[in-house]
Amino acid sequence: MKLDNVIATRPDKTIYRDGDVIIKVFAKDKSKADVLNEALNQSRVEETGLQIPRILDVKCLDDGRWSIAMDYISGKTLSQLMAENPAKTDEYLNMFVDLQLKMHTQKVPLLNKLKDKMTRKISETNLSATVRYELNVRLESMPKHTKLCHGDFNPSNVIIREDGQAFIIDWAHATQGNASADAARTYLMFSLNNGKEIADKYLKIFCDKSDTAKQYVTKWLPIVAASQSVKGKPEEKEFLAKWIDVVEYE
């Protein structure tokens, strides 16, 4: 593998392209367990038959950094297409939701459970004991499902090839659980990155196509907002706090 063609950089990783292969090289302080878990998640999702990049190799480089090699998918992200063609926003959102709903029909029984992950994330927040208790009560009251959930399903994680085929990337946060929790997280990401108008439009399309009550999805918002707050991004703090504050005290 050649590591001389950088195509993207992130705080915790650098992404290279070598022909038809993408190599994610993680920072030295990235947990080996996290890297192996990401590769394992993606490998398990591969078995569903969904169109995603195949894992080709996982290794520790000579300098101690871990890497994951996978298929390179040529095309543009749905996020790029939406920015380039704003008149097609509704068309792209419908495509996006159809892809999400197809994903939610899949079962991957060996993935971690979404509820367990949310419980852990709530415990890692800086929220008061009272708010953490209310969030956990709300979480426990939600129906237990086992649908494939992406955990970070947003337009930048969908690549559209020139032939129109859509591929879902970045499975680091995949779990099995309630699809409405996955939708709530997507709504939150749209709200943070694209604004309320696009977020509301997404939510309406998702609820109409899945025959899900909007109130059912939004009931997850305080939980997913608390989970997102663990990342500690200053620019998101005030926005997420507003969603967490909608917890109803009884």
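Computed from a predicted model, the values in this text were never measured in an experiment.

Visitor: Break down the overall build of the chain for me, with residues and values.
Guide: Regarding its fold elements, the chain presents 10 helices and 10 strands. Taking 2.2 N^0.38 as the reference for a compact globule, 250 residues should give roughly 18 Å; the C-alpha atoms of the chain span a radius of gyration of 18 Å, in line with that estimate. In terms of overall dimensions, the chain has a C-alpha envelope of 60 × 40 × 35 Å along the principal axes. Burial statistics for the chain: of 250 residues in total, 46% are counted as buried. Nonlocal contacts in the chain, meaning residues at least 24 apart in sequence, comprise 65% of its contacts between residues at least 6 apart. Working note: accessible area of the chain is about 13,000 Å², and carbon and sulfur atoms make up 48% of it.

Visitor: Please provide a residue-by-residue account of the packing of aromatic side chains, values included.
Guide: As enumerated under the stated definition, the model contains six aromatic pairs in all. Centre to centre, the rings of Phe 96 and Phe 190 are 5.6 Å apart; their planes meet at 80°, and the pair counts as edge-to-face. One end of the pair, Phe 96, is in helix α3 (residues 89–104); the other, Phe 190, is in helix α6 (residues 179–193), with 94 residues separating them in the sequence. Phe 190 carries the same exposure label as Phe 96, and that label is buried. Pairing Tyr 187 with Trp 243 gives two aromatic rings, centres 6.1 Å apart and planes at 80°, and the pair type is edge-to-face. Placement of Tyr 187 in helix α6 and of Trp 243 in helix α10 (residues 234–244) is noted, with a sequence separation of 56 residues between them. Residue classification places Trp 243 among the partly exposed residues on the basis of a relative accessible area of 22%.

Visitor: Mind laying out the pairing of strand β3 (residues 21–26), listing which residues take part and the relevant values?
Guide: Most of β3 sits inside the fold, with five of its six residues counted as buried. Pairing analysis gives six bridges linking strand β2 (residues 13–18) to β3, with the strands arranged antiparallel. Bridging from a neighbouring strand, Asp 18 pairs with Val 21 of β3. Count of turn residues in the β2/β3 antiparallel hairpin: two residues, of which Gly 19 carries a positive phi of about 65°. Looking at chain direction, β3 and strand β5 (residues 66–71) are connected through five bridges and run antiparallel. When the bridges of β5 are listed, Val 21 appears paired with Asp 71.

Visitor: So what's going on with the layout of surface pockets? Residues and values would help.
Guide: Estimates place the volume of the second largest pocket at around 340 Å³. Of all the elements, α10 adds the most residues to the lining of the second largest pocket, at five residues.

Visitor: Outline the nonpolar core, supporting the account with residue identities and numerical values.
Guide: Burial of nonpolar side chains together is a common tendency in soluble globular proteins. Formed by 54 residues in total, the largest nonpolar core has its most connected members in Leu 148, Val 158, Trp 171, Phe 190, Tyr 202, Phe 206 and Trp 220. The residues touching Leu 148, leaving out its near neighbours within four places in the chain, are Val 45, Leu 50, Met 103, His 104, Gln 106, Val 108, Leu 111, Trp 171 and Thr 175. Counting 10 residues, the second largest nonpolar core, distinct from the first, contains Ala 8, Phe 26, Ala 39 and Met 70.

Visitor: Kindly report on the sheet that holds strand β6 (residues 76–77), identifying the contributing residues and their values.
Guide: Read across the sheet, three strands follow the order β6-β8-β9 without closing on themselves; strand pairing throughout is antiparallel. At either end of the open sheet lies a strand with only one pairing partner, and these are β6 and β9 (166–168). Alignment of strand β8 (residues 158–160) against β9, held across three bridges, turns out to be antiparallel. Its bridge partner lying in β9, Val 158 is registered against Ile 168.

Visitor: Give me helix α4 (residues 114–124): which residues, what numbers.
Guide: Taken together, the buried positions of α4 are occupied by Leu 114, Lys 115, Lys 117, Met 118 and Ile 122. Buried residues along α4 cover an arc of 155° about the axis, so they all sit on one side. Looking at the buried side of α4, the elements it contacts are α5 (129–141), β7 (147–149), β10 (175–177), α6 and α9 (221–229).

The rules behind the values
- Residues numbered from 1 in each chain as written.
- Predicted model: local features only at pLDDT ≥ 70, side-chain atom pairs only at ≥ 80, totals over all residues.
- Heavy atoms only, no water.
- Helix = DSSP H or I, 4+ residues; strand = E, 2+ residues; numbered from the N terminus.
- Rg over C-alpha atoms; globule rule 2.2 N^0.38 Å.
- Buried < 20%, exposed > 50% of the residue type's maximum accessible area, 1.4 Å probe, protein only.
- Contact = heavy atoms within 4.5 Å.
- Areas by Shrake-Rupley, 256 points an atom, 1.4 Å probe, with all protein chains shown as cover.
- Phe/Tyr/Trp six-rings, centres within 6.5 Å; stacked < 30°, edge-to-face > 60°.
- Pairing = 2+ DSSP bridges.
- 1 Å grid on protein atoms, 1.4 Å probe; cavity = no way out; pocket = protein on both sides within 12 Å on 5 of 7 lines; lining within 4 Å.
- Points joined across faces, edges and corners; volume = space filled by probe spheres on them.
- Core = buried A, V, L, I, M, F, W, Y, C linked by side-chain atoms within 4.5 Å.
- Arc of directions from axis to C-beta.

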